Amino acid sequence: MGDFVISVRNTTKGNFGNEPGPTKFLVVPSNKKDTRPDQKIARTKWTEAVIAKAKTGESTLSGNPLGDILVYIHGFNNSPPDVLVRHRLLKKDLKAQGYKGAVVSFDWPSANIAINYLEDRSDAKKTAIRLVDDCIKLFSVVQAKGCEVNLHLLAHSTGAFIIREAFDDADDRIKIASSNWSVSQIAFIAADVSSKSMSTIDSKSDSIYRHCVRLTNYSNPYDSVLKLSNIKRIGVSPRAGRVGLPDNIPTKAVNVDCGSYFKTIIKSEAEYDGAFSHSWHIGDDLFAKDLYLTLQGDIDRNRIPTREVDSRGRLALKK
């Protein structure tokens, strides 16, 4: 069937641009290396195709279809071809671990040059609500019709900011706030949101915790992109993707420290200061296994075999 992508980029001369635009539901042929506006299909047809791919069986109790959908939300400085490469690698990683559901990428307008970081953040905020309106709500309607398909979110870098803003904005709108919508698992990798904003006393994250079953934050203290000395980051507080979640978090939130494991996969000193320290997760077998087991939800978060308790008593990815 191809690859499922939701694009909220504008179009220019028959290609996708780097500004917000109307939502398009794409099916990208497996032999294509880029997303294009002419790959769009009707939303209803697209949704039916995703659900068909997501189904993995039937409930022995209700007889309703069972399945999983994982929505990947990328970070800043990603072109459409970049997004498609990571989308396909994520699919391959999870399939190798036994995942049988669907993978969807939510492609928001970010440039492919680092200088556009602040503009990317602005565009992320503008398009965040589309994640709820044109993705989460779309599958919530299917769930309401008796299809027991779990919806999960995986956010990289600024993608975590998009989720936080989307959920917060949704709860500010009476029509959406009064409806019953939620996701199952949310996973943050290299999350570009402040650590303190994820606490129980910060209203910015109330909506995230209210509308999910579990939130897992994978942190890496060696993430050089998220260091405060980075020129793009002057004046911002420590990020959840680097220092982890704060102590005062809801019981449904968990932090997995990846620092010790990350040090074992480094091949050169340059990787400490390059993009690898910020984006090593997709393409790594151990992370893929941990993510797969997290999405399954069959094992308690403290007993997932890819994790251990470190010398400080913190949950960590195994070395």
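Quantities reported herein were computed from a predicted structural model and do not represent experimental measurements. Residue numbers restart at each chain and count upward from 1, following the sequence in its written direction. Only residues with pLDDT of at least 70 are given local features in this predicted model, and only at 80 or more are side-chain atom pairs given and counted; all residues enter the totals for whole chains, interfaces and linings. Each side-chain value is derived from all of the structure's non-hydrogen atoms; neither hydrogens nor water enter the calculation.

1. Observations regarding the overall build of the protein
The numbering of helices and of strands both runs from the N terminus, where a helix is a DSSP run of H or I of at least 4 residues and a strand a run of E of at least 2. Helix and strand counts for the protein come out as 11 helices and 11 strands. Counting over 319 residues, the protein shows a buried share of 55%. The Shrake-Rupley method, run with a 1.4 Å probe sphere, supplies the accessible areas, and residue values consider only the shown protein chains as cover. Entry remark: accessible area of the protein is about 14,200 Å², with carbon and sulfur atoms responsible for 50%. Only protein chains enter the accessibility calculation, which uses a 1.4 Å probe; a residue is then buried when its area is under 20% of its type maximum, exposed when over 50%, and partly exposed in between.

2. Description of the environment of Gly241
By secondary structure assignment, the location of Gly241 is in helix α7 (residues 240-243). Its relative accessible area of 1% is what places Gly241 among the buried residues. Distance from Gly241 to Asn217, taken between C-alpha atoms, is 7.3 Å for residues 24 residues apart in sequence.

3. Description of the pattern of salt bridges
Pairing is possible between side chains that carry opposite charge, provided their charged atoms lie close to one another. Salt bridges are identified by distance alone: a Lys or Arg side-chain nitrogen within 4 Å of an Asp or Glu carboxyl oxygen. Across all of its chains, the model carries 11 salt bridges by this definition. Residue Asp192 pairs with Arg239 through a salt bridge whose shortest N-O separation is 3.0 Å. Of the two residues, Asp192 is situated in the loop between β7 (183-189) and α6 (206-210) and Arg239 in the loop between β8 (212-219) and α7; the sequence distance between them amounts to 47 residues. With a relative accessible area of 6%, Arg239 lands in the buried category. Because the salt bridges share partners, they merge into one network encompassing Asp3, Arg88 and Lys91.

4. Quick notes on the side chain of Asp68
Position of Asp68 among the secondary structure elements: in strand β4 (residues 65-73). Buried and without a salt bridge, Asp68 has Lys100 as its closest oppositely charged side chain, separated by 9.7 Å. We call two N or O atoms a polar contact when they sit within 3.5 Å, provided that within protein one can donate a hydrogen and the other can accept it, with sequence-adjacent residues counted only if both atoms are side-chain atoms. Within polar-contact distance, the side chain of Asp68 engages the side chain of His152 at 2.8 Å. Only heavy atoms matter for contacts: two residues are in contact if any of them lie within 4.5 Å across the pair. The contacts of Asp68, once residues within four sequence positions are left out, are Ala54, Tyr99, Gly101, Ala102, Val149, Asn150 and His152. Residues scored as positive are Lys and Arg, those scored as negative are Asp and Glu, and His as well as the terminal groups of each chain are ignored.

5. Some points on helix α4 (residues 158-171)
By definition here, a helix of n residues has an expected span of 1.5 Å times n minus one. For α4, built from 14 residues, the straight-helix expectation of 20 Å at 1.5 Å per residue is met to within 8% by its first-to-last C-alpha distance of 20 Å. Summarising burial for α4: 12 of the 14 residues are buried, a large majority. Burial in α4 covers these residues: Thr158, Gly159, Ala160, Phe161, Ile162, Ile163, Arg164, Glu165, Ala166, Phe167, Ala170 and Asp171.

So, to be careful, I would describe these as geometric facts and stop short of saying anything about function.
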